[in-house]
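Residues per chain are reported as follows:
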Amino acid sequence: MSLTHFNERGEARMVNVGGKTDTLRVAVAEGRVVMKPDTLRLIMEGGVKKGDVLNTARLAGIMAAKKTGDLIPLCHPVPIHAVELELAPQVESSSVLIRARVETVGKTGVEMDALMAVSVAALTVYDMVKSAGKDMEITGISLLEKSGGKSGHYIKPGHRPEK
């Protein structure tokens, strides 16, 4: 397997996508912020002094998806057509599950944009409730699914796509 972000001398390069065909590109990523039950309860009851944690994190994730090409050195800036973020408190695991779906029509995929959205949303949750406990853990950030382009449809083993 060859890595596309390196030339024949092993130097970093931005992949030329100019000759690729525009196709519908969709990526879904997820991650989780694990915390103490009392911290999760604060989020769910709206008792965080900084404000609405889940809506603030949702907005931060959307903003991050749109800035991915500015932050990841060899990532193409992609015209994002849609970003959806779901932040769901999970009482049984004392966590907030974060899932992002990003869509565009273009020459390159939006996997990095979906992963960035999840990462920044998770960091925003952490930032907004860190005064309640800094022992939170951001975990499980991964690509669940991507479609479009030459490589076709990818589904992470064990993931069951939504219809």
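Just so it is clear, the model here is predicted, and its values are computed rather than measured.

Caption draft 1: Main features of unusual backbone geometry. Its identity is not glycine, yet serine 94 carries a phi of approximately 45 degrees, on the positive side. Following the sequence through the fold, serine 94 ends up in the loop between β2 (82–90) and β3 (95–106). Overall, the relative accessible area of 10% leaves serine 94 in the buried class.

Caption draft 2: The pattern of salt bridges, seen in detail. This structure, assessed with the given rule, holds eight salt bridges. In this structure, aspartate 70 engages lysine 67 in a salt bridge whose closest nitrogen and oxygen atoms are separated by 3.8 Å. Of this pair, aspartate 70 and lysine 67 both sit in helix α2 (residues 53–71), three residues apart, which is roughly one turn of that helix. By relative accessible area, aspartate 70 is classed as exposed at 59%. Among the charged side chains, a network of salt bridges with common partners joins Lys50, Asp127 and Lys130.

Cut-offs and rules
Residues numbered from 1 in each chain as written. Predicted model: local features only at pLDDT ≥ 70, side-chain atom pairs only at ≥ 80, totals over all residues. Heavy atoms only, no water. Helix = DSSP H or I, 4+ residues; strand = E, 2+ residues; numbered from the N terminus. Buried < 20%, exposed > 50% of the residue type's maximum accessible area, 1.4 Å probe, protein only. Salt bridge = Lys/Arg side-chain N within 4 Å of Asp/Glu carboxyl O.

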